[in-house]
Amino acid sequence: MVGLAGGAFSGDKVQKGFEAGLSISQNPYMEMMFQGIGFRSFKFDFVLRPRHEKELEEVGAILKAFREFSRPSWNKSFGGQAFMNYPMEFDIQFLTLEGTESYFGSNFVENQHLPTLKPCVLSNVDTNYTPQSIWAAHKAGAPVAVTLGLSFQETELVMAEDIQSTDWP
């Protein structure tokens, strides 16, 4: 115990000295078995197939928005380019229809069969303009299909208490 306290305040060499002086050693297996956990990350892939000019514009706006939201911005209030604002945070929920009605204005509830996600940031945006490995374009050169890959990472750790508090149907 003295070695642990000494190591916490003075570094590894002092801790080793205490351990040698007391003929004890800290159990290294606990550190090998558990070295912490990382933040959960996950990816969603979408295939966008614009059919006409208006949908081409909408796909372009979607791609631009996700790229923008995945990056920080300069905080001009604090010295121009000395500080950055964090990128956008996302609150992603998996929803399902409540009841049997199937129109868009229906009531949606959180889907209990899928995980509950904590707030997250968009860590990467992948675009593939040849989803079937063949280039095909509309008249103006816009691709016929685009695969959009969105990689997210949660900003909070998922702990055992979070899993215990979820209701699995």
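Scroll up to find the structure.
Residues numbered from 1 in each chain as written. Predicted model: local features only at pLDDT ≥ 70, side-chain atom pairs only at ≥ 80, totals over all residues. Heavy atoms only, no water.

*Asks:* Help me understand unusual backbone geometry in this model?
*Replies:* Working note: non-glycine residues mostly have negative phi, and peptide bonds are mostly trans. At S133, a residue that is not glycine, the phi angle is positive and equals roughly 65°. With relative accessibility at 67%, the residue S133 sits in the exposed group. (Buried < 20%, exposed > 50% of the residue type's maximum accessible area, 1.4 Å probe, protein only.)

*Asks:* Before we go on, may I ask you to explain the sheet that holds strand β7 (residues 120–128) in this structure?
*Replies:* Hydrogen bonds along the backbone pair up the strands of a sheet, which may run parallel or antiparallel. Reading across the sheet, the four strands line up as β1-β8-β7-β4 and stay open at both edges, with antiparallel pairing between neighbours. Pairing within the sheet leaves two strands with one partner each, and these edge strands are β1 (41–48) and β4 (89–90). Of the strand pairs in this sheet, β4 and β7 are connected by two bridges, and their pairing is antiparallel. Paired with E89 across the bridge in β7 is V121. (Pairing = 2+ DSSP bridges. Helix = DSSP H or I, 4+ residues; strand = E, 2+ residues; numbered from the N terminus.)

*Asks:* Got a minute to help me understand the pattern of salt bridges in this structure?
*Replies:* It is possible for side chains bearing opposite charge to pair when their charged atoms get close. Following the criterion strictly, the structure yields seven salt bridges and no others. Note that E55 is salt-bridged to R51, the shortest N-O span being 2.6 Å. We classify E55 as buried; its relative accessible area is 17%. Accessibility expressed as a relative area gives 64% for R51, which makes it exposed. Across the pair K54 and E58 runs a salt bridge, and its minimum N-O distance is 3.5 Å. In this pair, K54 and E58 are both assigned in helix α4 (residues 53–69), four residues apart and thus about one turn of the helix distant. For E58, a relative accessible area of 38% gives the class partly exposed. The network of salt bridges with common partners includes K43, D45 and D126. (Salt bridge = Lys/Arg side-chain N within 4 Å of Asp/Glu carboxyl O.)

*Asks:* What is the right way to read α4 from this model?
*Replies:* Along an α-helix, residues three or four positions apart point the same way, because every turn accommodates 3.6 residues. Across its 17 residues, α4 extends 24 Å between first and last C-alpha, which sits within 8% of the 24 Å expected from 1.5 Å per residue. Lining the buried residues of α4 we find β1, β7 and β8 (146–154). (Expected span 1.5 Å × (residues − 1). Contact = heavy atoms within 4.5 Å.)

*Asks:* Even after reading the chapter, I still don't get the side chain of E55, so can you show me in this structure?
*Replies:* Following the sequence through the fold, E55 ends up in helix α4. Apart from residues lying up to four places away in sequence, E55 is in contact with R49 and P50.

*Asks:* Even after reading the chapter, I still don't get the pairing of β8, so can you show me in this structure?
*Replies:* Two faces make up the sheet, and in a regular strand the side chains alternate between them. Of all nine residues making up β8, eight are buried, and the element is well covered by its neighbours. Pairing geometry for β1 and β8, over eight bridges, is antiparallel. In the sheet register, V47 faces β8, and the bridge partner there is T147. Bridge analysis of β7 against β8 gives eight bridges, and the strand direction is antiparallel. In the strand pairing of β8, N124 is matched with S151.

*Asks:* What is the right way to look at the nonpolar core in this model?
*Replies:* Note that soluble globular proteins tend to have their nonpolar side chains buried in a common cluster. Of all hydrophobic cores here, the largest spans 14 residues; its most connected members are I92 and F152. Contributing elements (two or more residues each) for this core: β1, α4, β7 and β8. At four residues, β8 tops the list of elements feeding residues into this core. Excluding residues that lie within four positions of it along the chain, F152 makes contacts with R40, S41, F42, F44, F90, I92, C120, V121, L122 and S123. (Core = buried A, V, L, I, M, F, W, Y, C linked by side-chain atoms within 4.5 Å.)

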